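# Observations on chain architecture
What follows is the residue order along each chain.
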Amino acid sequence: MSSSASGPRTPVRVGIVGLSANGGWAARAHVPALAALDGYELRALSASSEESARAAGEKFGVPLTFAGAGELARSEEVDLVVVTVKVPHHRELILPALEAGKAVFSEWPLGTDLAQAEELAALAEAKGVRTAVGLQARSAPPLRYLRDLVAEGYVGRVLSTTVVSSGRAWGPTFHDGGEYLLDRANGATLLSIPFGHTVDALAMVLGEFTDVSATTATLRPQVTHEPTGRTATMTAEDQIAVTGTLESGAVAAVHFRGGTSRATDFHWEINGTEGDLVVKADSAALWMDRITLHGAHGSDTELTELPVPASYERLPRFAGRSTETAYNVAYAYAQLLDDLTTGTRLTPDFAHAAARHRLLDRVQESARTGARLTVTA
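Rules behind the numbers
Position numbers for residues count from 1 along each chain, tracking the sequence in the order it is written. Given that this is a predicted model, residues contribute local features only at a pLDDT of at least 70 and side-chain atom pairs are listed and counted only at 80 or more, while totals for whole chains, interfaces and linings are drawn from all residues. Excluded from the side-chain calculations are hydrogens and water; all other atoms, namely the structure's heavy atoms, are used. A helix here means a DSSP run of H or I that spans at least four residues, while a strand means a run of E at least two residues long, and both kinds are numbered starting from the N terminus. Here's how the labels work: a residue is buried when its accessible area is under 20% of the maximum for its type, exposed when over 50%, partly exposed in between, all with a 1.4 Å probe on protein chains only. By definition, residues are in contact when any of their heavy atoms lie within 4.5 Å. Computed with a 1.4 Å probe, the accessible areas rest on the Shrake-Rupley method; for each residue, only the protein chains presented here act as cover. In this tally, Asp and Glu contribute negative charge and Lys and Arg positive charge; neither His nor the terminal groups of the chain are included. Where a charge sits is defined by one atom per residue type, namely NZ (Lys), CZ (Arg), CG (Asp) or CD (Glu). Only strands joined by at least two bridges in the DSSP assignment are considered to pair. For helices, the axis comes from a line fit to the C-alpha atoms of the stretch in contact; other axes are also lines fit to C-alpha atoms, and the angle between any two N-to-C directions lies between 0 and 180 degrees. Residue-level confidence of the predictor, termed pLDDT, takes values from 0 up to 100.

## A look at the overall build of the protein chain
- Scanning the protein chain from terminus to terminus reveals nine helices and 18 strands.
- Oriented by its inertia axes, the alpha-carbon framework of the protein chain measures out at about 55 × 55 × 40 Å.
- Across the 377 residues in the protein chain, those meeting the buried criterion constitute 53%.
- Contacts in the protein chain between residues far apart in sequence, at least 24 positions, make up 70% of those at least 6 positions apart.
- Accessible surface, the protein chain as shown: approximately 16,000 Å² in total, 48% of it carbon and sulfur.
- Seen as two clouds, the 33 positive and the 44 negative side-chain charges of the protein chain have centres 1 Å apart.

## Structural notes on the sheet that holds strand β2 (residues 40-46)
- In spatial order, the strands read β3-β2-β1-β4-β5-β6; together these six strands make up an open sheet with parallel pairing. Where the open sheet ends on each side, the last strands, each with one partner, are β3 (64-66) and β6 (131-133). Put simply, the sheet's adjacent strands are angled 20° from each other on average, direction ignored.
- Taken together, the four bridges between strand β1 (residues 12-17) and strand β4 (residues 80-83) define a ladder with parallel strand orientation.

## Considerations on the confidence of the model for the protein chain
- Predicted confidence across the protein chain gives a mean pLDDT of 95, with 98% of residues reaching 70 or more.
- Here residues 2-7 is a poorly scored stretch, pLDDT under 50, and it has four contacts once near neighbours within four places are set aside; other chains count.

Right under this line is the structure:
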């Protein structure tokens, strides 16, 4: 993972935990994202069994396959361990990589709860390894441009911001493979995934929350498996309404509801003394779908689309292809490559993930007690 004036940079050798020949997030997002960047080599993978690992290795052309994450983490052929499995398995699969002193990129959420996130962040710090967490919305060119527009005074002083969004999942039905999302204890909920991704992007653009007041509810405790019609219990929240104050003093209001809406599935507005900005997305999944910016300030009377300047696009292979699932993930990998090879600190790491988990924990506590609570980093 080094570079020199006499030769090209040595590729960062990647091992993915959870890459399957049957598809999934790793296949749809991580593999094409890595392929879009010079500087990475997909060297290894592990899966649930030797047979499934071999099948994935053959499909994706990965030379080293392992039946266990521990073997992959200990391999001298792997520099970066990428964990892309379901949230309840993150801790058990990340720990061997940290113990082996390897850099780790984990999908978000980092753990099932705050305690797991803090444990993993503390171990990463103790081991002195570089880590990253998949909060890739903050790497997206449109949102980095949005942050700069705000910082440069496009809207003047920010007065307030409002987000209303659907969750896609956590509605009246669920599909094959989605039942684990219904159980709050699994840590893969409307609060941790859509709300967590979106609020992280909001904080990147406008600053962190200093206090929160929250109301949450599970209004559909029984949901239906769409292919078969059987019912299942849902304990995860399907309504989340949070108001709070940002570091700047601006007021924030964020409402997430389970399922989809016939009206508005995503709308994010920033209002200031001199103008207004609106973020629109192709779906409620801000972190994985196409984002467009719209604004008006000064004497403008109507919103117009604000194209992202070419200077924000650093991946030629994704030029004009921002609708691809791998687009934002590729930009996250590009920032991580800079971190690993030049020592920058561009990528949200496990310490950042623990701080984001603390915000979610305060939201839950506020909803439980009915109190407005201070948020600490």
